[in-house]
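# What the coordinates show
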Amino acid sequence: SVVLAVLLVATVGGPSPGKDLKDTVVSRCRTFLEMNEPETSKKLCEDAWAAFARAFVGRDPCEVPVEAYDPLIYTIEQKSRCGRTLFWSKTKVLAHQFTQEKKCMVTVEDTLLGFIMDGLTWCGRNGSNGVFTTGCPGWTQCQLNPVRSFWGRVSAAFAASSCGNAAVMLNGSLATPFDPTSVFASVEVKNFNSTIMTGLTVLLVARKNDSASCGNSSLQNLQQALDPMLKYQCKVVQQSQILDCIADTTMPCGKCW
Ligand code: APR
């Protein structure tokens with residue numbers, strides 16, 4: 001009968017999608033802290049969940065402003081990373097392969113909040129205290145959706161805290177590697193703090209037979225969008241060269257390009 005009672009509770013009060021999201025968020029958070037900063041109390045993970053949920057629970061999923069995540073951002077201290085920030089646009093897989101293998105650079109998905117939410121979808125509903133992971137608006141369906149606003153806020157904080165020389169991997173196979181609608185262009189570049197940042201190096205990732213060039217007109221737009229105090233550099237790098245460098249564990253990452 002104990003087994004039956006447990007079964008009954010499990011079925012009736014059974015796990016909701018919201019509970020699954022909370023479990024995922026808290027367990028990813030604990031994993032991250034264990035691997036990266038074991039001295040930080042895991043209580044931070046419960047606090048982060050509470051601040052995160054408050055941003056979108058009970059709200060129309062197309063009316064979650066970027067600022068709704070301010071309390072979450074303030075809960076999690078941004079570590080300053082001098083000379084180690086890696087931005088990316090349309091190069092997600094390669095950028096992450098690189099930072100996973102060579103620990104010299106960090107993408108937003110290698111920071112606590114980015115690591116926790118990477119690949120997840122979530123939203124609330126007006127007049128409900130539920131957390132949903134399906135039936136949520138897509139990235140472009142409405143501007144102020146909970147997922148897009150989250151990445152907008154986290155990316156702004158990530159860019160604002162980047163210090164020294166930063167790098168960005170852009171996709172040299174595209175006609176417009178610096179896409180004005182991307183998070184990199186529309187959020188990150190606008191949040192660079194030129195009092196702590198010294199420069200930006202564009203790594204224009206090319207594949208065989210690409211006509212990738214640092215003279216690309218979208219890159220001129222990037223250069224113009226930067227504070228003139230920042231030193232701009234651009235380098236065409238073959239994707240195969242980066243992959244070889246990732247594969248060669250003896251290669252120090254400063255030598256990858
Ligand atoms: N539909 C769905 N998802 C999208 C869309 C879209 N139209 N546009 C962007 N995304 C989401 C996806 O999750 C995608 O993997 O944003 C991610 C990155 O999109 P990109 O266009 O490749 O790059 P960008 O918009 O520049 O964002 C990456 O933002 O989060 C920061 O530091 C990070 O520098 C990086 C940049």
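This structure is a prediction, so every number in the text was calculated from the model and none was measured.

A few words on the packing of helix α5 (residues 92–101) against helix α10 (residues 239–247). Two numbers describe how α5 lies on α10: the axes approach to 10 Å, and their chain directions differ by 25 degrees. Considering their axes alone, α5 and α10 lie roughly parallel with respect to each other. Crossing of α5 over α10 shows left-handed handedness. Note on element contacts: α10 touches α5 through Q239, I242, L243 and I246, opposite L94, Q97, F98 and E101.

Here the focus is the environment of L200. Note on placement: L200 falls in strand β4 (residues 197–206). Along the sequence, L200 and N165 sit 35 residues apart, while their C-alpha atoms lie 5.7 Å from each other.

Take the state of the cysteines next. Tallying each qualifying case throughout the model produces seven disulfides. There is a disulfide in this structure between C62 and C142, and the S-S distance comes to 2.1 Å. Judged by the torsion about the S-S bond (-85 degrees), the C62/C142 disulfide is left-handed. Placement of C62 in the loop between α3 (43–56) and α4 (70–75) and of C142 in the loop between α6 (112–117) and α7 (146–160) is noted, with a sequence separation of 80 residues between them. Residue C142 is classed as buried on the basis of its relative accessible area, which comes to 12%.

Taken together, 13 residues lie near the ligand, and S89, K90, S155, V183 and E188 sit nearest. The side chain of E188 places a nitrogen or oxygen atom 2.6 Å from an oxygen atom of the ligand. Computed on the free molecule, the ligand has an accessible area of 690 Å², of which 70% lies beneath the protein chains in the complex. Among the elements of the structure, β2 (86–89) and α8 (183–188) are those that each provide at least two residues to the shell around the ligand.

This brings us to α7. Compared with the 21 Å implied by 1.5 Å per residue over 15 residues, the 21 Å span of α7 between its first and last C-alpha is a close match. Among the 15 residues in α7, 14 count as buried, and that is most of the element.

Working note: non-glycine residues mostly have negative phi, and peptide bonds are mostly trans. In the Ramachandran plot, K90 falls in the positive-phi region, its phi being about 60 degrees despite a non-glycine side chain. When you line up the elements, K90 lands in the loop between β2 and α5. A positive phi angle, close to 70 degrees, is found at N209, a residue other than glycine. Summarising the element assignment, N209 is placed in the loop between β4 and α9 (217–225).

Okay, the nonpolar core next. Membership of the largest hydrophobic core comes to 56 residues, with the highest contact counts inside it found for F52, W122, F150, F184, F192 and L222. Discounting residues that sit within four places of it in the chain, F52 has contacts with L21, Y69, L72, M117, W122 and F150. Within the second largest apolar cluster, 15 residues are counted, among which are L94, A167, M169 and V237.

Reading the values: rules and limits
- Within each chain, residues carry numbers counting from 1 in the order of the written sequence.
- Restriction of local features to residues with pLDDT of at least 70 applies here, the model being predicted, together with a cutoff of 80 or more for giving and counting side-chain atom pairs; totals for whole chains, interfaces and linings are based on all residues.
- In computing side-chain values, all of the structure's heavy atoms are included and hydrogens and water are not.
- Note on method: axes are straight lines fitted to C-alpha atoms, helices fitted across the in-contact stretch only, with angles between N-to-C directions ranging 0 to 180 degrees.
- Numbering goes from the N terminus for both helices and strands, where a helix is a DSSP run of H or I of at least four residues and a strand is a run of E of at least two.
- Each angle gets one of four labels, with under 35 degrees taken as roughly parallel, over 145 as roughly antiparallel, 65 to 115 as roughly perpendicular, and the rest as oblique.
- Crossings are classed by handedness, with left-handed meaning an anticlockwise turn of the near helix from the far one by less than a right angle and right-handed meaning a clockwise turn.
- Only heavy atoms matter for contacts: two residues are in contact if any of them lie within 4.5 Å across the pair.
- Cysteine sulfurs are considered disulfide-paired once they come within 2.5 Å of each other.
- For each residue, the accessible area found with a 1.4 Å probe, counting protein chains only, is set against the maximum for its type, and the residue is called buried under 20%, exposed over 50%, and partly exposed in between.
- Any residue with a heavy atom lying within 4 Å of a molecule or strand is counted as near it.
- Between N or O atoms, a polar contact is any pair within 3.5 Å; within protein, one atom must be a potential hydrogen donor and the other a potential acceptor, and residues adjacent in sequence are included only when both atoms are from side chains.
- Exposure was quantified through the Shrake-Rupley algorithm and a 1.4 Å probe, taking into account, for residues, occlusion by the shown protein chains and nothing else.
- By definition here, a helix of n residues has an expected span of 1.5 Å times n minus one.
- Take the buried Ala, Val, Leu, Ile, Met, Phe, Trp, Tyr and Cys residues and link them wherever side-chain atoms come within 4.5 Å; each set so joined is a nonpolar core.

Purely spatial values, then, with no claim about function.
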